[in-house]
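Below are the chains, spelled out letter by letter.
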Amino acid sequence: MSAQRTDGRYVVGIDLGGTKIRAGIATMTGDVLHELTQPTLDGREIVAQVTEIVSALAAAVGASGAAIVATAIGGAGVPDADAGHFDLAPNLGGLEGFGVVAELERRLGHAVVIDNDVNIAALGELHDGVGTEVDSFAFVSVGTGIGVGLVLDRRVWQGVRGAAGEIGYLPIGADPLDPANHRRGPLEEVVSGEAIVQRYERASGSTGSTTVDVFERSGDGDRDAAASLDEEARWLAHAILSVDAVVDPGLFVLGGGIGSREELLAPVLHWLGELGRPTIEVRISRLGSNAPILGAVRLAIDAALLSTEREAS
């Protein structure tokens, strides 16, 4: 697509996951023009990888690197905006505590902002998903880990230290007193994609499975696979009930690579009924994997506009 079809400025939105990076380039009006997906590299190699991704996206729309005015990154951790790094980021390896913002701004030559990946997905839902119908909701992302993005009265609530929604640390699921469960959190130990596979392989005696395999085998009538997914739904229902008791968001939206699977909705609703709360409204995200990209693009546009305002003042 030609650069002349826009005002000449672009932003990049990046969903930085523990296993893969998804990125998109968009106009200043939020129209995503091109996307790409790559496996996530280890630790600080991500900096070079992101730099190359931004260049590749610019080339894909026939733009120069100078035409990119901001990049926003949603990562699986707690963002420290002042220090420009992620804390509590076990799924990002050596990137935790590293000044990724300063390093990327030096390499890219434009504004870079970071936020929690689930908060960014919730931002995408707010502007392009269920936010077109309601003003408050909780976006529950389940994939490599679990997290919640809270949207209250059309604002993403991040908490005082940016850690609101880190429900993987709820003291349910695995033993909360076992130090081995403190890195990812007791709840995340039982609802992650890895947990689904581990449960299935313990029960079936098989090895080398993936979460996709477990879902497919459950659909084919494999009882061990179905039991593993039912256990996933049970703890996911516990998590939803916990958030609802404190926040009462009115609606829960399930997203992420695992949470967006339609097969999980019925068992989650079943377990909410068993827990005495059958009236809690739960939906599958209609944006699917696009929610984090759309949210990151929105964040990048805001960063670009703020940068322009500062330059003009």
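In this report, we go over the structure that sits alongside the text. What you see as residue numbers is a count from 1 along each chain, following the sequence as written. A pLDDT threshold of at least 70 governs which residues receive local features in this predicted model, and a stricter bar of 80 or more applies before side-chain atom pairs are shown or counted, although totals over entire chains, interfaces and linings include all residues. Hydrogens and water are ignored here; the side-chain numbers use all heavy atoms of the structure.

A run of H or I in DSSP becomes a helix once it reaches four residues, and a run of E becomes a strand once it reaches two; helices and strands are each numbered from the N terminus. Secondary structure summary: the chain contains ten helices and twelve strands in total. Radius of gyration: over C-alpha atoms. The globule rule applied is 2.2 Å multiplied by the number of residues raised to the 0.38 power. Expected size for 313 residues packed as a compact globule is a radius of gyration near 20 Å; at 20 Å, the chain falls within 12% of this value. Three labels apply to residues, based on accessible area from a 1.4 Å probe with only protein chains included: buried if under 20% of the type maximum, exposed if over 50%, partly exposed otherwise in between. Looking at the chain residue by residue over its 313 residues, the buried ones come to 51%. In the chain, once contacts between residues fewer than 6 apart in sequence are set aside, the share between residues at least 24 apart is 59%. The contact rule is simple, with two residues in contact once any of their heavy atoms fall within 4.5 Å.

With seven of seven residues buried, strand β1 (residues 10–16) lies mostly within the body of the structure. A strand pair is defined by DSSP finding two or more bridges across the two strands. In the sheet, β1 pairs with strand β2 (residues 20–27) via seven bridges, with the strands oriented antiparallel. For Val 12, the partnering residue across the bridge sits in β2 and is Ile 25. Relative to strand β4 (residues 68–75), β1 runs parallel, the two being bridged by seven bridges. Counted as the bridge partner of Tyr 10 is Ile 68 from β4.

It is worth spelling out the nonpolar core at this point. In these notes, a set of buried Ala, Val, Leu, Ile, Met, Phe, Trp, Tyr and Cys residues joined through side-chain atoms within 4.5 Å is what counts as a nonpolar core. Counting residues in hydrophobic clusters, the biggest one holds 35 residues, and the most contacted among them are Val 140, Ile 146, Leu 187, Leu 236, Ile 240, Phe 252 and Val 282. In this structure, Val 118, Leu 126, Val 253 and Val 297 belong to the second largest nonpolar core, which totals 29 residues.

Time to look at the packing of aromatic side chains. Pairing of aromatic side chains here covers Phe, Tyr and the six-membered ring of Trp, requires ring centres within 6.5 Å, and sorts the geometry by plane angle: under 30 degrees stacked, over 60 edge-to-face, intermediate tilted. The tally for this structure, following the rule as stated, stands at zero aromatic pairs. Either the NZ atom of lysine or the CZ atom of arginine qualifies as a charge over a ring when it sits within 6 Å of the ring centre and within 35 degrees of the ring normal. The cationic tip of Arg 234 hangs over the ring face of Trp 271; the distance from NZ or CZ to the ring centre is 5.9 Å. Lying over the aromatic face of Phe 215, Arg 261 brings its terminal NZ or CZ to 4.2 Å of the ring centre.

Right, let's talk about the pairing of strand β3 (residues 32–39) for a bit. Summarising the sheet, β2 and β3 pair through seven bridges and their orientation is antiparallel. When the sheet's bridge partners are listed, Arg 22 is paired in β3 with Thr 37. Connecting β2 to the next strand, β3, in antiparallel fashion are four residues, including Gly 30 with a positive phi near 90°.

Another point: the sheet that holds strand β10 (residues 155–157). Judged by pairing direction, the sheet is mixed, and its five strands sit side by side in the order β10-β9-β8-β11-β12 without closing on themselves. Single-partner strands in this sheet number two, and they are β10 and β12 (282–284). Neighbour-to-neighbour, the strand axes of this sheet turn through a mean angle of 30°, independent of strand direction. Pairing of strand β11 (residues 252–255) with β12, which is carried by three bridges, proceeds in the parallel orientation. Considered in β12, the bridge of Val 253 is made with Arg 283. Running over the sheet, helix α3 (residues 117–128) touches β8 (137–142), β9 (146–152), β10 and β11 and is turned about 45° from β9. Simply put, an axis is a line fit to the C-alpha atoms, just over the touching stretch for a helix, and the angle between two N-to-C directions goes from 0 to 180 degrees.

Here Gly 168 lies in the loop between β10 and α4 (188–191). In this structure, Gly 168 is in contact with Ile 146, Arg 184, Gly 185, Pro 186, Leu 187 and Glu 188, ignoring residues within four places of it in sequence.

Let us now look at the pattern of salt bridges. Every case where a carboxyl oxygen of Asp or Glu lies within 4 Å of a side-chain nitrogen of Lys or Arg is listed as a salt bridge. Using the criterion set out here, one finds 14 salt bridges in the structure. When salt bridges with common partners are traced through the structure, they connect Glu 133, Glu 281, Arg 283 and Arg 286 into a single cluster.

Strand order in the open sheet formed by five strands is β3-β2-β1-β4-β7, and the pairing between neighbours is mixed. Of all the strands in the sheet, just β3 and β7 (111–116) have a single pairing partner and so form its edges. On average, adjacent strands in this sheet sit at an angle of 15° to one another, irrespective of strand direction. Sheet strands in contact with helix α1 (residues 45–60) are β1, β2, β3 and β4, and its direction is about 145° off that of β3. In this fold α3 packs onto β1, β4 and β7, with an angle of close to 95° to the strand it touches most, β7.

Next up on the list: the side chain of Asn 119. Relative to the elements of secondary structure, Asn 119 occurs in helix α3. Other than its neighbours up to four places away in sequence, Asn 119 contacts Val 148, Gly 149, Leu 150, Val 156 and Gln 158.

It is the contact of helix α6 (residues 211–219) with helix α7 (residues 223–247), at a shortest axis distance of 7 Å, that shows an interaxial angle of 115°. Considering how the two elements wind past one another, α6 and α7 form a crossing that is left-handed. Facing α6, whose interface residues are Val 214, Phe 215, Arg 217 and Ser 218, α7 presents Ala 225, Ala 226, Ser 228 and Leu 229. Two helices that cross are described as forming a left-handed crossing if the nearer one is turned anticlockwise from the farther one by less than a right angle, and a right-handed crossing if clockwise.

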